[in-house]
Amino acid sequence: MTTENMEQPKTDFILSEEQTMLRDTAKQFFSEQVPISNLRKLRDEESADGIDRDVWKQASELGLAGILIPEAYGGTDFGITGMGLVMEEAGRTLAATPLFSSSILSTLVLLEAASEDLKQAILPAIAAGEMIVAVALEESGHHNPAAISLSAEKKDGGLVLNGRKTFVLDGHIADKLIIVARSKGQKGDTNGLSLCLVDANSDGLKVSRSKMVDSRNSSEVTCENLTVSADMIIGTIDDGAAPLESALDQARILLSAEILGGVNEVFERTLEYLKERKQFGVPIGSFQALRHRASAIFSEIEICKAVVTFALSQSDKKSNQIARLASLTKARLGEASTLVSNEGLQMHGGIGMTDDVDVGLFMKRARVQLQLLGDPRFHRERYARLNGY
Amino acid sequence: MSNLETFREETRAWLEENCPASMRTPMPDEEQPWGGRNPSYPNPDTKVWMERMAARGWTAPTWPTEYGGGGLNPDENKILLQELKRIDARPSLNSFGIWMLGPALLEFATEEQKQKYLPPIVRGEIRWCQGYSEPGSGSDLAGLQTKAEDMGDHYLVNGQKVWTSYADKADWIFCLVRTDTSVKHEGISFLLIDMETEGVDPRPIKLISGSSPFCETFLTDVKVPKENLVGELNKGWTIAKRLLEHERAMISGMNMGAGEASLGGMEELAKEVFGELDGMIAHPTLRDTVTKHKMDEEAFNLTLRRTGELAKAGHGIGAEASIFKFYGSEMNKRRFEILLELLGTNALTTEGEGHDQDVMDISPQWLRSKGNSIEGGTTEVQLNIIAKRVLDLPEGGQA
């Protein structure tokens with residue numbers, strides 16, 4: 001992969017040659033180096049890390065860990081669309097890597113608000129795959145940045161944190177965490193948040209691994225009088241909400257690209273099954289009850305492709321519609337992945353209920369992705385509010 | 001200045017000069033410009049506008065100039081459409097001849113037929129209707145029974161067509177007829193018939209909406225000259241399928257956003273009816289219903305745009321028309337159901353003191369929308385087409 005800047009496509013929907021090459025590279029990497037058997041192995045052998053360090057090293061050598069990071073900080077700078085293409089391929093093989101936690105969510109927060117010193121110190125290490133940074137955001141079972149109440153008390157120009165976080169992706173393998181804390185106002189206020197960068201081995205920080213239905217990494221985080229010095233605040237104290245929201249919107253769109261990859265994979269596998277599996281002496285795909293549902297799903301996926309591709313290209317163009325588009329995209333893909341994973345399982349019949357067949361793994365992953373950064377209900381409400389109704 | 005910039009300037013100047021002021025206002029239904037042998041022009045500007053546009057071939061902008069068309073390339077055509085939209089110009093001519101028959105003639109007709117039929121379509125002199133469906137052949141269109149017998153110097157046509165749009169007002173009909181009864185698809189031919197021929201009898205059908213845009217058309221011992229056959233004998237199904245693609249594209253783009261124009265958007269309507277709470281629709285579940293629909297519309301529009309870009313870049317589109325027809329028509333039906341739900345009994349009132357006409361106009365449109373997923377191939381037929389042509393699913397199972 002080259003480190004040259006990717007030329008921005010003139011259109012909203014058609015990939016440039018460089019982007020097509022990047023997608024092909026990613027497709028080959030994930031299908032050959034990180035097939036679904038990789039996730040099964042991590043799960044069945046109860047891997048302590050929950051990721052394959054060798055795979056992550058290879059991905060980083062290919063430049064995948066630094067796609068969003070400018071060359072000045074050691075990244076490959078392929079843009080949001082470039083990262084979206086990589087995520088789509090990662091979604092097809094359920095690849096368990098810190099790509100989303102470290103190279104997307106944390107990287108976007110740092111790019112949005114961090115000082116030059118912090119960017120110099122952290123981003124090159126993320127791009128090289130040598131440092132994993134996780135974001136500790138959620139405090140309940142539902143995504144809701146405004147509801148943050150983990151307290152940040154001002155002291156000596158820095159902050160002292162107390163409280164709990166949940167659903168922290170890759171928290172237990174992270175070298176550093178970005179903790180979103182409330183330094184001003186009340187739970188429910190949109191503003192008054194601070195973004196704090198802390199070492200994983202800081203005094204007063206406890207990280208414990210959780211197990212998730214999709215066999216991917218999550219953890220609980222507790223802060224007890226955790227001291228954050230002024231130079232470790234990303235951006236300025238109390239002003240973290242705006243850069244966080246901007247980072248979250250781009251991350252929501254990139255997560256939707258990963259969901260699209262999973263949706264495509266499940267549908268293609270289901271179609272194959274409809275053609276192979278025979279009952280009553282004929283392939284079950286010849287039954288109209290199934291044909292019509294397959295066609296309706298195909299139409300839905302075409303719509304998803306258009307929505308995701310547009311949201312990615314508009315992110316690269318820094319459109320002022322990103323918040324609306326992020327909600328449109330995350331809601332649509334959440335609904336589509338629920339539909340397609342449920343239908344995929346049903347059309348596989350009894351064999352779909354077995355652990356041997358991958359369709360169940362995709363369904364479990366789909367539900368975690370659905371909740372991550374907001375479920376369809378959250379995003380419909382947000383879309384309506386942003387549109388003024 | 002590039003050629004296209006010059007074209008835009010000249011087009012803008014010509015339109016400023018030639019588009020009558022009343023043709024830049026919203027169009028009442030009775031002023032729809034259908035042309036034909038017996039045209040109706042409650043507003044005389046309709047005729048002026050049509051004739052001026054036709055003289056430049058701009059009623060059919062992309063057709064070749066030798067058949068009366070505008071001879072515009074796709075870029076020029078896009079500019080023309082943009083400039084027309086810029087001044088809110090009404091369409092200069094509604095025509096099934098332009099939308100459906102013309103493209104098929106350009107592809108399949110003889111030179112003589114093109115010379116004879118295309119220029120009058122461009123000029124709006126001949127109004128066409130489509131004779132496809134029959135009482136016994138709806139979704140199974142290829143099962144059609146209207147038969148054309150070879151009588152040596154002419155065909156003798158007998159049968160019945162149904163859902164012929166505006167057949168009672170049309171001058172000619174393009175028809176699918178059976179010329180071989182021993183085979184199904186390979187026994188169909190494409191025939192052009194003058195509605196004034198003896199034995200052609202169109203009768204309007206009253207619909208659930210109260211209007212009668214469609215007819216059943218009886219054909220009894222109708223003598224049709226043999227030169228009116230388009231394409232080869234028994235090869236009409238190929239033409240029919242191509243024409244249906246044009247029709248599907250037309251229906252899926254139709255009615256988008258109509259129905260609320262005079263009422264404000266669906267979201268504004270919801271605020272009016274149920275009130276506002278912090279700037280939001282006060283009814284929480286209805287707000288979610290409206291939001292879902294608005295998201296569907298935005299997503300569907302993006303899908304149309306994506307297909308447009310892909311087509312322009314030379315990627316084949318094929319069965320996409322079926323996706324748009326399926327999704328677009330189902331979405332349009334949902335839209336009218338939501339509007340009815342929003343307006344409650346006021347939208348179900350057809351006449352009443354103190355009732356708003358714009359609101360009472362919703363119910364006929366709601367009823368009309370039910371036909372969207374039936375005409376031009378039902379939703380079920382579209383799903384069959386996608387399953388067969390795109391997904392390549394095997395056939396032969398029990399329905």
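Calculation criteria
- Residues numbered from 1 in each chain as written.
- Chains lettered and ligands numbered in written order.
- Predicted model: local features only at pLDDT ≥ 70, side-chain atom pairs only at ≥ 80, totals over all residues.
- UniProt positions renumbered as here; feature names shortened; annotations may be inferred.
- Helix = DSSP H or I, 4+ residues; strand = E, 2+ residues; numbered from the N terminus.
- Rg over C-alpha atoms; globule rule 2.2 N^0.38 Å.
- Buried ≥ 20, exposed ≤ 12 C-beta atoms within 10 Å, placed from the backbone.
- Contact = placed C-beta atoms within 7 Å.
- Pairing = 2+ DSSP bridges.
- Nonpolar A, V, L, I, M, F, W, Y, C, P; charged D, E, K, R; others polar.

An unreviewed UniProt entry annotates chain B as Acyl-CoA dehydrogenase of PS1 clade bacterium. Taken verbatim from the UniProt record of chain B, the Cofactor (unreviewed entry) comment is "FAD". Here is the UniProt Sequence similarities (unreviewed entry) comment for chain B, exactly as written: "Belongs to the acyl-CoA dehydrogenase family."

Per an unreviewed UniProt entry, the recorded name for chain A is Acyl-CoA dehydrogenase, and the organism is PS1 clade bacterium. For the record of chain A, the UniProt heading Sequence similarities (unreviewed entry) holds the text "Belongs to the acyl-CoA dehydrogenase family."

### Quick word on the overall build of chain A
Counting its regular elements, chain A contains 11 helices and 10 strands. A compact globule built from 389 residues would reach a C-alpha radius of gyration of about 21 Å, and chain A, at 21 Å, matches this within 12%. C-alpha atoms of chain A, sized along the principal axes, occupy 75 × 50 × 40 Å. Across the 389 residues in chain A, those meeting the buried criterion constitute 53%. Residue pairs in contact within chain A that sit at least 24 positions apart in sequence constitute 75% of those at least 6 positions apart.

### What to know about the environment of A:Asp44
Within the secondary structure, A:Asp44 sits in helix 2 (residues 36-44). Overall, the presence of 11 C-beta atoms within 10 Å leaves A:Asp44 in the exposed class.

### As for the UniProt feature "domain: Acyl-CoA oxidase/dehydrogenase middle" (unreviewed entry) in chain B
Taking the numbering used here, the UniProt-annotated feature "domain: Acyl-CoA oxidase/dehydrogenase middle" (unreviewed entry) corresponds to residues 129-222 of chain B. Overall, residues 129-222 of chain B shows 0% helix and 51% strand. The separation of its end C-alpha atoms is 17 Å.

### Observations concerning the UniProt feature "domain: Acyl-CoA dehydrogenase/oxidase N-terminal" (unreviewed entry) in chain B
Mapped onto this numbering, the UniProt entry annotates "domain: Acyl-CoA dehydrogenase/oxidase N-terminal" (unreviewed entry) at residues 5-125 of chain B. Secondary structure content for residues 5-125 of chain B is 53% helix and 0% strand, while the C-alpha to C-alpha distance between its ends is 33 Å.

### Considerations on the UniProt feature "domain: Acyl-CoA dehydrogenase/oxidase N-terminal" (unreviewed entry) in chain A
When the UniProt feature table is mapped onto this chain numbering, "domain: Acyl-CoA dehydrogenase/oxidase N-terminal" (unreviewed entry) sits at residues 16-130 of chain A. The straight-line gap between the two end C-alpha atoms of residues 16-130 of chain A is 30 Å; of that span, 66% is helix and 0% is strand.

### A closer look at the pairing of strand 7 (residues 214-225) of chain B
A regular strand carries its side chains on alternate faces of the sheet. Residue and element names in this part refer to chain B. In this sheet, strand 7 lies alongside strand 3 (residues 154-165) in antiparallel orientation, the contact comprising 10 bridges. By the bridge assignment for strand 7, Leu-156 is matched with Lys-223. As judged from the six bridges shared by strand 6 (residues 200-205) and strand 7, these two strands associate in the antiparallel manner. Within strand 7, the position partnered with Pro-204 by the bridge is Cys-215.

### A short note on the interface of chain B and chain A
Buried accessible area, meaning the area lost when the parts come together, often serves as the stated size of an interface. Contact residues are listed per partner, giving 38 residues for chain B and 36 residues for chain A. Elements with a contribution of two residues or more to the side of chain B that touches chain A: helix 7 (266-274), strand 10 (280-281), helix 8 (284-312), helix 9 (320-343) and helix 13 (379-390) of chain B. Of the residues forming the side of chain B that touches chain A, the biggest block, 15 residues, is contributed by helix 8 of chain B. Tallied by class, residues from the side of chain B that touches chain A come to 19 nonpolar, seven polar and 12 charged.

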